[in-house]
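# Geometric and topological summary
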Amino acid sequence: MTAVQQQDIIDYALRLGDDSLVLGHRVSEWTSNGPFLEEDIALSNVALDFIGRARMFYTYAADLMGEGKTEDDLAYLRDERQYQNFLINELPRGDFAFTIVRQLFVDVFNSHFLPLLCQSKDETLAAIAAKSEKETRYHLRRSRDWTIRLGDGTEESKQRMLNALDELWGYTPEMFEPDALEQRLAEAGIGVDTASIKDAWLRDVSAILNQATLPVPDAEWAIRGGRTGYHTEHLSHLLSVMQSVHRAYPGCQW
Amino acid sequence: MSTGNQELFEVFVRSKRGLDHKHVGSLHAEDHAQALEYARDCYTRRSEGVSIWVVKSSDICASQEDDRESFFDPSDDKPYRQATYYPLPKEVGNM
């Protein structure tokens, strides 16, 4: 591994960790607020899966960085502009329909992204992907079932799903626009060329929405910026909540 | 929290291949498929099992406390129901 490539892999692991941690935190906000006990537990489990994923990516990035860095430094001591997660992951959790639609978009993305990352020449990234892929199959089964249940449900549940689709659709193009870093890693057989999975994503999402008697949005707007550190106003609030204990008591441990 | 239209399901988990399914608890869900998903979340996240059954609680017909005597009294006055009532020929030995 050349020094240049090592820095690329650190950045790559960081952004994948950011995606997982930020979404995991958002989903964890349902804990004790779930619509009923069983769903509360299920959502908390999903949140834990994402936070566990973030820990693996951060630990790997920290190891490559050396200088005694730890996963905690990366999760708790970086600021908004240093986070590189997709914007869709940081949006406030909204109502249950919003949470489900976001999860559907992300889970379908991961169901195509992770199998490719499993083939990475970087053994650690491949191993993390292999573990995460199993979880994603379960996550997707849940978000698909709920999408169909709510879309083809009552008038109110359908309306809420339509609202969520409207609000979220423009955040999805960002997932399929690899920047120079991701292209370099894809060419080296280490990263995934996300542009290549866009068609499969759209096909799967459309099929599920069809089954849910929901229209596939055709909105033209698209918001991006997460990968370059430009975020919505929501991320700084999320970070201030998530990081408050560690910032107040640096190095604290349970 | 609301469990408006949901039904109660009983959950049975088989902890190892070859063992039987044991009742582990109950949960609310819309249908069997969802009950199975929630059973996985509520009862098997610490690798407790290799197989899950879910059964609608309403489908279980249970004996009633009032019927206790007719169901479970051991009928001690009918010793011929016990194997020990019958003498064994010597050749059989310890059965």
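Described in the following lines is the structure provided in the data block.

This next bit is on the packing of helix α5 (residues 123-151) of chain A against helix α1 (residues 32-43) of chain B. Two numbers describe how α5 of chain A lies on α1 of chain B: the axes approach to 12 Å, and their chain directions differ by 140 degrees. Crossing geometry of α5 of chain A relative to α1 of chain B is assigned as left-handed. Between α5 of chain A and α1 of chain B, the residues in contact are Tyr138, Arg141, Arg142, Trp146 and Arg149 of chain A and Gln34, Glu37, Tyr38, Arg40 and Asp41 of chain B, respectively. Tallied by class, residues from the contact of α5 of chain A with α1 of chain B come to three nonpolar, one polar and six charged.

Here we take up the pattern of salt bridges. Oppositely charged side chains are able to pair whenever their charged atoms sit close together. A full pass over the atoms with the stated rule returns 22 salt bridges over all chains. Of the charged contacts in the structure, one is a salt bridge between Arg227 of chain A and Asp19 of chain A, with a shortest N-O distance of 2.9 Å. In this pair, Arg227 of chain A sits in the loop between α8 (198-211) and α9 (234-248) while Asp19 of chain A sits in helix α1 (residues 3-28), placing the two residues 208 residues apart along the sequence. On the basis of relative accessibility, which here comes to 11%, the residue Arg227 of chain A falls in the buried class. Linking Glu37 of chain B and Arg141 of chain A is a salt bridge whose minimum nitrogen-to-oxygen distance equals 2.8 Å.

Moving on, we get to the sheet that holds strand β2 (residues 21-29) of chain B. Residues and elements named next belong to chain B. A sheet is described by the order of its strands in space; here three strands give the open sequence β2-β1-β3, paired in antiparallel fashion. Strands with a single pairing partner mark the edges of an open sheet, and in this sheet they are β2 and β3 (51-56). Each adjacent strand pair in this sheet contributes to an overall mean axis angle of 30 degrees, direction not counted. Across the sheet, α1 is in contact with β1 (7-14), β2 and β3; its angle to β2 comes to roughly 115 degrees.

All told, the structure shown has twelve aromatic pairs over all chains when counted by the stated rule. Taking 5.0 Å as the distance between ring centres and 90 degrees as the angle between the ring planes, the aromatic pair formed by Tyr85 of chain B and Tyr86 of chain B counts as edge-to-face. Counting every residue linked through ring pairs, the aromatic cluster contains Phe86, Phe105, Phe109, Phe113, Trp169, Phe176 and Trp201 of chain A. When the ring centre of Tyr230 of chain A is taken as reference, the NZ or CZ atom of Arg81 of chain A above it lies at 4.2 Å. Above the plane of the ring of Tyr138 of chain A lies Arg40 of chain B, whose end atom (NZ or CZ) is 3.4 Å from the centre.

What follows concerns unusual backbone geometry. All names here are of chain A. The backbone of Ser32 shows a phi angle near 75 degrees, a positive value even though the residue is not glycine. Within the secondary structure, Ser32 sits in the loop between α1 and α2 (37-65). Of note in this structure, Thr213 is not a glycine but carries a positive phi near 55 degrees. Considering the arrangement of structural elements, one finds Thr213 in the loop between α8 and α9. Judged by relative accessible area, Thr213 falls into the partly exposed class, the value being 39%.

Reading guide: rules and limits
Here the residue index of a chain counts from 1 through its sequence in written order. Written order determines the labels here, with chains lettered from A and ligands numbered from 1. Owing to the predicted nature of the model, reporting of local features is limited to residues with pLDDT of at least 70; listing and counting of side-chain atom pairs is limited to 80 or more, with chain, interface and lining totals taken over all residues. In computing side-chain properties, one takes all heavy atoms of the structure into account and sets aside hydrogens as well as water. Structural elements are reduced to axes, namely lines fitted to C-alpha atoms, with helices fitted over the stretch in contact, and the angle between N-to-C directions of any two is expressed from 0 to 180 degrees. Note on conventions: DSSP H or I runs of at least 4 residues are helices, E runs of at least 2 residues are strands, and numbering of each starts at the N terminus. Crossing handedness: left-handed means the near helix sits turned counterclockwise from the far one by under a right angle, and right-handed means the same turn made clockwise. Residues are treated as being in contact if the distance between any of their heavy atoms lies within 4.5 Å. The residue classification treats Ala, Val, Leu, Ile, Met, Phe, Trp, Tyr, Cys and Pro as nonpolar and Asp, Glu, Lys and Arg as charged. All others, Gly included, are polar. One side-chain nitrogen of Lys or Arg within 4 Å of one carboxyl oxygen of Asp or Glu is enough to make a salt bridge. Burial here depends on accessible area, computed with a 1.4 Å probe over protein chains only, as a share of the maximum for the residue type. Under 20% is buried, over 50% is exposed, and the range in between is partly exposed. Two strands pair if DSSP finds at least two bridges between them. Ring pairs shown here join Phe, Tyr and Trp side chains whose ring centres sit within 6.5 Å, with only the six-membered ring taken for Trp; geometry is labelled stacked below 30 degrees between planes, edge-to-face above 60, and tilted in between. A ring is considered to have a charge above it if a Lys NZ or an Arg CZ atom is located within 6 Å of its centre and within 35 degrees of its normal.

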